[in-house]
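Descriptive analysis of the structure
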Amino acid sequence: MEKKKTITASMVLISFAVAIFIVGVVKSHQKLMIEGDYPYYPDVQSITDAADVIIVGEVVTSKYTENLMVDMTPDKESKEETPYTISTVKVTEVLKGNINVGDTITIKQLGNYINQPEATLYEIDGYLKTAQNELMFLAEYENSPYSAVNPAQGMVEVIDGNILYSASRYSLWGYDDPAIRNSSVDTLENAIMEIKGCLS
């Protein structure tokens, strides 16, 4: 009887140890996410007004990670650097902003895409990739790279030169879900006409 109690106690301890090990392994494989807080733009006019720069561009280099000091709070003593994923983009068309076709600009996206991504970008696979073409609504900063006004709405991929695609249901173009909107194909040409209409 004593031997059965010892075996049972041993099995309980082994089961407990295995459970702790499994929880540890699962937690170590979960990504530590950064949660950004962004404004939502309900229509083309609002996102056009919010952007300092609106361009179409081709991603030349992508996925370089860097910690940047972006906190410009005056007299704040303890400022921390923030992880960003950096890409360069060659401008192919300018719709708004003090920028020229042919310029190469730097874009920052919040989070280190490998081990500490921004939650929205991770969910929609939104980090820029080399050779992608994008319609971009950007905020301009002094002494810092450009950023999308909103990661879910501020960048829309251009496929085959004219078809817009987005994995975000918040995107104003390119998200094809009949439950949310009609399933017509959004084109870059039509989006540019809408944006220009908002600028006049």
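Right above here is the structure, for reference.
Remember, predicted model here, so these are calculated numbers, not experimental data.

Attention now moves to a nonpolar patch on the surface. A cluster of nonpolar side chains, Ile159, Ile163, Tyr165 and Val185, forms an exposed patch at the surface whose accessible area comes to about 330 Å². Relative to the assigned elements, Tyr165 resides in strand β8 (residues 163-165). The class for Tyr165 is partly exposed, based on a relative accessible area of 40%.

So, about the nonpolar core. In this structure, Leu135, Phe137, Trp173 and Ile195 are the most contacted members of the largest nonpolar core, which totals 20 residues. No other element matches helix α4 (residues 188-199), which puts five residues into this core. Ignoring sequence-local partners within four residues, the contact set of Ile195 consists of Val44, Thr48, Ile54, Leu95, Leu135, Phe137 and Trp173.

Here the largest pocket is characterised by a volume of approximately 560 Å³. If you trace the largest pocket, you find 35 residues lining it, with Gln109, Leu121, Ala148, Asn150 and Pro151 closest to the centre. Counting residues per element, the ones that place at least two in the lining of the largest pocket are β3 (104-112), β5 (133-141), β6 (144-148) and β7 (155-159). The residue makeup of the lining of the largest pocket, split by class, is 21 nonpolar, eight polar and six charged. If you add up the space inside the second largest pocket, you get close to 180 Å³. Classifying every residue of the lining of the second largest pocket gives eight nonpolar, three polar and two charged.

Procedures and definitions
Residues numbered from 1 in each chain as written. Predicted model: local features only at pLDDT ≥ 70, side-chain atom pairs only at ≥ 80, totals over all residues. Heavy atoms only, no water. Patch = residues over 30% accessible without salt bridge, like charges linked within 9 Å, V, L, I, M, F, W, Y side chains within 5 Å. Areas by Shrake-Rupley, 256 points an atom, 1.4 Å probe, with all protein chains shown as cover. Salt bridge = Lys/Arg side-chain N within 4 Å of Asp/Glu carboxyl O. Helix = DSSP H or I, 4+ residues; strand = E, 2+ residues; numbered from the N terminus. Buried < 20%, exposed > 50% of the residue type's maximum accessible area, 1.4 Å probe, protein only. Core = buried A, V, L, I, M, F, W, Y, C linked by side-chain atoms within 4.5 Å. Contact = heavy atoms within 4.5 Å. 1 Å grid on protein atoms, 1.4 Å probe; cavity = no way out; pocket = protein on both sides within 12 Å on 5 of 7 lines; lining within 4 Å. Points joined across faces, edges and corners; volume = space filled by probe spheres on them. Nonpolar A, V, L, I, M, F, W, Y, C, P; charged D, E, K, R; others polar.

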